[in-house]
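Summary of the model geometry
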Amino acid sequence: MNLACIDGLTSHLIQAHGAADLETTITPDLCPPGMCGDVTVNCFRIAKAFGSNPMSLAQEAASYLDTHPDVSQVEQIKAFVNITLEISALYRDTIADMDGLLGKASVPVSSKKRILIEYSAPNTNKPQHLGHVRNNTLGSALCSILSSVGHDVTAVNLINDRGIHICKSMLGYQRFGDDSSPESAGEKGDHFVGGFYVLFEKEVRRQADVLKASRPEFKDLSYDELFPETEVGQSAQELLRLWESNDSDTRDLWQKMNNWVLSGFDETYKRMGVAFDRVYFESATYEFGKEVINRTLKIPVFYRRDDGATEIDLDDVNLGKKVVLRSDGTSVYVTQDIGTTIRKHEDFAPDSMIWIVGDEQIHHFKVLFAILAKMGIPWSDQLHHIPYGMVNLPSGRMKSREGIVVDADELFDEMTGLAREATLERWADEVPADLDERSEIIGMGALKFMLLKVNPKTTMTFDPNASMKFEGDTGPYVQYVYARIASILRKLDANVLQVDTDWSLLKEPEERLVAIQCGFYPAILLNAAGNFDTSVVANYLLDLTKAFNRFYKKHSVLSAATNELTTARVALCRCVQTILREGLRNLSIQTLESM
RNA sequence: GCUCCGGUAGCUCAGUAGGAUAGAGCAACAGCCUUCUAAGCUGUGGGUCACAGGUUCGAAUCCUGUCCGGAGUACCA
């Protein structure tokens, strides 16, 4: 928030105390409820920068502000200085210039970066579940936020379309598919294929149980450990060998099934409003890493072990030793990522690269970045893993292989179905023509908001029965305020509007608070972008909407005492609407004119 | 074993450059629709901020230890 009186205070204090830390900017906070003031300056926080003690600095600040023309009242409590602004200054420095306000939600030109952001990265052996939804939602929201503050953002997806897990669903289809297709089964492609993955896993367990019963040495082994011993397990590995040797039947089946899955993903992405600038396929990129290592082998960071494996020593950064090529010369996971990282950099030459991947891979990315650094990649310090926590169910974590998952598409249907019911209930007499679209925007908005308002790094619990609410701290609550304002604007008789907005008529505390809240928007957005944290935006929007609802309840816009007052309140409403639209858009949530 | 992350109201979560009486929603209870959409507003109750020490004028926040939970620690991805 850029208040002239705070700017004045800053330069006054710098002048009085000589060279203060130039990084120091005094950022006012919202004055807590119960305290007298619009904003507050915490002198505990800034005292050190001015080489002064908090109390005397607060006194100094208070006496400066007391004489400032923008300040009508100052209250000093301990080292807090609570400021009540002159009404002209309050609106002048917040919402009177909306273009200026929104313009502050931007990083300096010198800090603008070309950012490559990779997210989603699904496997093509099963449909997406709630965990992927969190990833997709975070990814698209962070893309919006980062580009909104001025960065040049490129979104990429890396489809994991090869490997043993893909062969599992392929083998499942070969065994149980009976030449069916998504069309013949009347099923979405990714669900169709995922069904065979589950059937395969069931078969593994069945065969493993037989082994356990007949062979005492297998009795205490887990299903994972027994996998290579089962007939289907061995067949899946054989299928992988066939795939790698380019066996045409295997490749045909693989291509056919992947296409089914990808067309299913297209629908899911479309419904979420997720789009990528570029899609990479692991089947096409997984050999890059091997080439890079072989090329780099002369650099002493990689060395051949006695058993033939190629390794790198990361002991000095506490990451131990890491094999990058197996003794048979094939590459491991991190090797593939080395290759795709370099390839992505060649393709886009970004200043910075970001991966949105679950927190279980924190270690993997530390290793990846450390290897790239050791290889002497000059941009290796511009790589960031944005980890996010898992989404658990009240019963514990989701288990794809056992089918204990919250399916993305089903969840979308449930959310939008509930939104539809709620809409019909409200509009019983006149069913809106755009019912489907409304239900979609409200239901998806509720889901996305629920995921985004939680700090990304928090492991969260999703209770299907309790989470699907449209009241309280939810997306629809925010959307509702937008729609309420839209409704006011529809009913507004344009003839009552005055030519000029006289902001100083907005004297009510509820009006002042709304304006102050609006003023915080740029700082919030920059904070979210700087910390890759969507939750600050979501929680801010809730604060703003709560402030607006209190105003709305207490004061009428259309029936205000004078046309001048209506004009000013309409202007206030429009500002709120703009920020809500911008804020929600940055969370990839749409708004509605009526709901 | 080692490493990382977490433990805040009955539930789900905010709150870390140390700062004013620890916040919100849900759930519970009590009010508010002849007035711009009640997906709303107002109020009540509900807390040893896991535990124990330490640093500090001041700690949910920083340090140490303990307990509990999760993840990682592959020539898996």
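Quick caveat: nothing in here was measured; it's all calculated off a predicted structure.

Further remarks concern the state of the cysteines. Tallied over the entire structure, the rule returns zero disulfides. Between C575, a free cysteine, and C518, which holds the nearest cysteine sulfur, the sulfur-to-sulfur gap is 6.2 Å. Of the residues examined, C575 reaches a relative accessible area of 5% and is grouped as buried.

Turning our eyes to something else, we now look at the packing of aromatic side chains. The final tally for this structure, using the stated rule, is 19 aromatic pairs. For the ring pair W355 and F369, a centre distance of 5.5 Å and an interplane angle of 50 degrees mean the geometry is tilted. Note that W355 is positioned in strand 11 (residues 352-358) and F369 in helix 16 (residues 362-374), a separation of 14 residues in sequence. Of the two residues examined, W355 and F369, each falls in the buried class. With a centroid separation of 6.1 Å and 35 degrees between ring planes, the pair formed by F548 and Y552 is classed as tilted. Taken as a pair, F548 and Y552 lie in helix 23 (residues 535-554) at a separation of four residues, close to a single helical turn. According to the relative accessible area criterion, F548 is buried, its value standing at 0%. Members of the aromatic cluster, joined through ring pairs, are Y119, F265, Y269 and F276. Residue placement shows R162 over the ring face of Y286; its charged tip is 4.0 Å from the ring centre. Looking at R343, its charged tip hangs above the ring of F288, at a distance of 3.6 Å from the centre.

Once that is clear, we can look at the protein's contact with RNA strand B. With respect to spatial proximity, 55 residues lie near RNA strand B, and among them D307, R326, R426, Y480 and Y552 are the closest. When the atoms of RNA strand B within 4 Å of the protein are sorted by group, sugar and phosphate make up 57%. At a separation of 2.7 Å, a base nitrogen of RNA strand B approaches a polar side-chain atom of T40. The side chain of T423 places a nitrogen or oxygen atom 3.5 Å from a base nitrogen of RNA strand B. Elements with a contribution of two residues or more to the surface near RNA strand B: helix 2 (43-47), strand 4 (80-85), helix 17 (408-426), strand 14 (460-461), helix 20 (475-491) and helix 23. The greatest single-element share of the surface near RNA strand B, amounting to seven residues, is contributed by helix 20.

Let us now look at the pattern of salt bridges. When their charged atoms lie close together, side chains carrying opposite charge are able to pair. For the coordinates displayed, the defined rule picks out 31 salt bridges. In this structure, the salt-bridge partner of D316 is K374, at a minimum N-O distance of 2.9 Å. Separated by 58 residues along the polypeptide, D316 in the loop between strand 9 (310-313) and strand 10 (321-325) and K374 in helix 16 bring together distant segments of the chain. A relative accessible area of 56% means that D316 is categorised as exposed. A network of salt bridges, in which partner residues are shared, links D70, R92 and D93.

Below, the discussion takes up the sheet that holds strand 9. Here we have three strands laid out as an open sheet, ordered 8-9-10, and antiparallel in their pairing. Edge positions in the open sheet fall to strand 8 (302-304) and strand 10, since each of these has one partner strand only. Sheet twist, expressed as the mean angle between neighbouring strand axes with direction ignored, is 40 degrees. Of the strands in this sheet, strand 8, strand 9 and strand 10 touch helix 14 (residues 288-296), which is tilted by about 110 degrees from strand 10.

On inspection of all chains with the given rule, the structure shows one cavity of 30 Å³ or more. In this structure, the largest cavity spans a volume of roughly 30 Å³. Along the walls of the largest cavity sit P122, N123, K126, P127, Q128, H132 and F265, which together make up its complete lining. Residues of the lining of the largest cavity, tallied by class, amount to three nonpolar, three polar and one charged.

You can see L383 is positioned in strand 12 (residues 383-388). In this structure L383 comes out as buried when scored by relative accessible area, which is 7%. Along the sequence, L383 and I354 sit 29 residues apart, while their C-alpha atoms lie 6.0 Å from each other. When near neighbours in sequence (up to four residues on either side) are disregarded, L383 contacts M353, W355, F369 and L372.

Take the side chain of N258 next. Within the fold, N258 resides in helix 12 (residues 248-272). Side-chain polar atoms of N258 contact the backbone oxygen of D161, separated by 3.5 Å. In contact with N258, other than residues within four places in its own chain, are T124, D161 and I166.

We now examine a nonpolar patch on the surface. Side chains of M35, F44, M55, I77 and F80 sit close together on the surface and give an oily, nonpolar patch of about 430 Å² of accessible area. With respect to the element layout, F80 can be found in strand 4. For F80, a relative accessible area of 33% gives the class partly exposed.

Calculation criteria
- Residue positions are given per chain, counting from 1 as you read along its sequence in written order.
- Each chain is given a letter, starting from A, and each ligand a number, starting from 1, according to the order in which they appear as written.
- With the structure being a predicted model, the display of local features is reserved for residues of pLDDT at least 70 and the display and counting of side-chain atom pairs for 80 or more, all residues being used for whole-chain, interface and lining totals.
- Values reported for side chains reflect all heavy atoms of the structure, with hydrogen atoms and water molecules removed beforehand.
- Working definition: a disulfide is two cysteine sulfur atoms within 2.5 Å of each other.
- When a residue's accessible area, from a 1.4 Å probe over protein chains only, is under 20% of the maximum for its type it is buried; when over 50% it is exposed; and in between it is partly exposed.
- Note on aromatic pairs: the rings of Phe, Tyr and Trp (six-membered ring only in Trp) are paired at centre separations within 6.5 Å, and the planes decide the class, stacked below 30 degrees, edge-to-face beyond 60, tilted for the rest.
- Working definition: helices are DSSP H or I runs of at least four residues, strands are E runs of at least two. Numbering for both runs from the N terminus.
- Only lysine NZ and arginine CZ atoms are considered, and such an atom sits over a ring when it is within 6 Å of the ring centre and within 35 degrees of the ring normal.
- Whether a residue is near a molecule or strand depends on its heavy atoms: it is near if one of them lies within 4 Å of it.
- For this analysis, a polar contact is any N or O atom pair within 3.5 Å, provided that within protein one partner can donate a hydrogen and the other can accept it, and provided that sequence-adjacent residues contribute only side-chain to side-chain pairs.
- Any carboxyl oxygen of Asp or Glu that lies within 4 Å of a side-chain nitrogen of Lys or Arg is treated as forming a salt bridge with it.
- Here the rule is simple: two strands pair whenever DSSP picks up at least two bridges between them.
- Note on geometry: axes are lines fitted to C-alpha atoms, helical ones only across the stretch in contact, with angles between N-to-C directions running from 0 to 180 degrees.
- Here, residues are in contact when the closest pair of their heavy atoms is within 4.5 Å.
- Within this scheme a cavity is a closed region of a 1 Å grid, computed over the protein atoms alone, that accommodates a 1.4 Å probe without allowing it to escape, whereas a pocket is open but has protein on both sides within 12 Å along at least five of seven lines; lining residues each have an atom within 4 Å of a point.
- Grid points are joined across faces, edges and corners, and a volume is the space filled by probe spheres set on the points.
- The classification used treats Ala, Val, Leu, Ile, Met, Phe, Trp, Tyr, Cys and Pro as nonpolar, Asp, Glu, Lys and Arg as charged, and all other residues, Gly among them, as polar.
- Residues forming no salt bridge and having over 30% relative accessible area are the ones grouped into patches, like charges within 9 Å of each other and nonpolar side chains (Val, Leu, Ile, Met, Phe, Trp, Tyr) within 5 Å.
- Per-residue and other accessible areas were derived by the Shrake-Rupley procedure at a 1.4 Å probe size, with only the shown protein chains allowed to occlude residues.

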